[in-house]
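Given next are the chains, with one letter for each unit.
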Amino acid sequence: MNAPEPRPQGTLTIGRRFTFEAGHRLPGLPTEHKCSRQHGHSYEVEVILTADRLAPPGFITDFADLAPFKEYLDEELDHRNLHEVLPVEPTSELLARYLAEWFITHVEPHIPGRLQAVKVSETARSWARFDVEGT
Ligand SMILES: Nc1nc2c(c(=O)[nH]1)N=C([C@H](O)[C@H](O)COP(=O)(O)OP(=O)(O)OP(=O)(O)O)CN2
Ligand SMILES: [Zn+2]
């Protein structure tokens, strides 16, 4: 019998997208910049996870185990003014890093996988991504 083909070397990742609607402005911009005025976005947040080994039946993390992150977005950020609920300026970049910190503190201890990155989109054409060091 022939030996099995060696598996290709590589890293497995999974991603899960979440959405919420919220308002913000960027007061650090010049007043003539449109984004200095209060406005809203349909935010899209993607969490990307990896693991050194798969948990049965072959999961990095069961997508269902990410429900607490969805609950956080729904309860704390959805249909809010982000200035009233976030401790950081709500740029896509700072939001991606803040959400990574929240995920690592509140979700990661309870799942087999670990967070590799968080991606935040305010519009269909733009995004910011925070990559967790060492993953
Ligand atoms: N690097 C970043 N640049 C900008 C951010 C950001 O978070 N990081 N945010 C904004 C504003 O929030 C703005 O609402 C988004 O603006 P923009 O991408 O210009 O969106 P539009 O859909 O209005 O783009 P148009 O091409 O003008 O239609 C700005 N920049
Ligand atoms: Zn905006």
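You'll find the structure just up there.
Since this is a predicted model, take the numbers as computed values, not measurements.

Draft legend 1. Seen up close, the overall build of the chain. In terms of regular secondary structure, the chain is built from three helices and five strands. Counting from the amino terminus, helix and strand elements in the chain follow one another as β-β-α-β-α-α-β-β. Whereas a compact globule of 135 residues would reach a radius of gyration of roughly 14 Å, the chain reaches 18 Å, over 25% beyond that. Along the first, second and third principal axes, the C-alpha set of the chain runs to 75 × 25 × 25 Å.

Draft legend 2. Seen up close, the sheet that holds strand S5 (residues 126–131). Within the open sheet, the five strands sit side by side as S3-S1-S2-S4-S5. Their pairing is mixed. In the strand order of this sheet, the two ends are held by strand S3 (80–81) and S5, each with one partner. Where strand S1 (residues 13–24) and strand S2 (residues 39–50) come together, twelve bridges link them in antiparallel fashion. Directly across from Gly-23, in S2, lies its bridge partner Gly-40. Across the sheet, helix H1 (residues 67–77) lies against S1, S2 and S3, angled at about 5 degrees from S1, the strand it touches most. Helix H3 (residues 92–106) rests against S2, strand S4 (114–123) and S5 of the sheet, and its axis sits at about 145 degrees to S4.

Draft legend 3. Quick peek at unusual backbone geometry. Cis rather than trans, the peptide bond between Pro-56 and Pro-57 has omega equal to 5 degrees. At His-79, a residue that is not glycine, the phi angle is positive and equals roughly 55 degrees.

Draft legend 4. Structural context of the nonpolar core. In this structure, Val-47, Ala-96, Leu-99, Ala-100, Phe-103 and Val-118 are the most contacted members of the largest nonpolar core, which totals 18 residues. For this core, the elements supplying multiple residues, two or more each, are S2, H1, H3 and S4. Residue contributions to this core peak at five residues, all from H3. Look past the residues within four positions of Val-118 in its chain and what remains in contact with it is Val-45, Val-47, Ala-96, Leu-99, Ala-100, Phe-103 and Phe-130.

Draft legend 5. Region of the structure containing the environment of Trp-127. For Trp-127, the position within the fold is in strand S5. Separated by 82 residues in the primary sequence, Trp-127 and Val-45 have C-alpha atoms spaced 9.3 Å apart. Aside from chain neighbours lying at most four places away, what touches Trp-127 is Ser-92, Lys-119, Val-120 and Ser-121.

The rules behind each value
- Residues numbered from 1 in each chain as written.
- Chains lettered and ligands numbered in written order.
- Predicted model: local features only at pLDDT ≥ 70, side-chain atom pairs only at ≥ 80, totals over all residues.
- Helix = DSSP H or I, 4+ residues; strand = E, 2+ residues; numbered from the N terminus.
- Rg over C-alpha atoms; globule rule 2.2 N^0.38 Å.
- Pairing = 2+ DSSP bridges.
- Contact = placed C-beta atoms within 7 Å.
- Axes fitted to C-alpha atoms, helices over the stretch in contact; angles between N-to-C directions.
- Core = buried A, V, L, I, M, F, W, Y, C linked by C-beta atoms within 7 Å.
- Buried ≥ 20, exposed ≤ 12 C-beta atoms within 10 Å, placed from the backbone.

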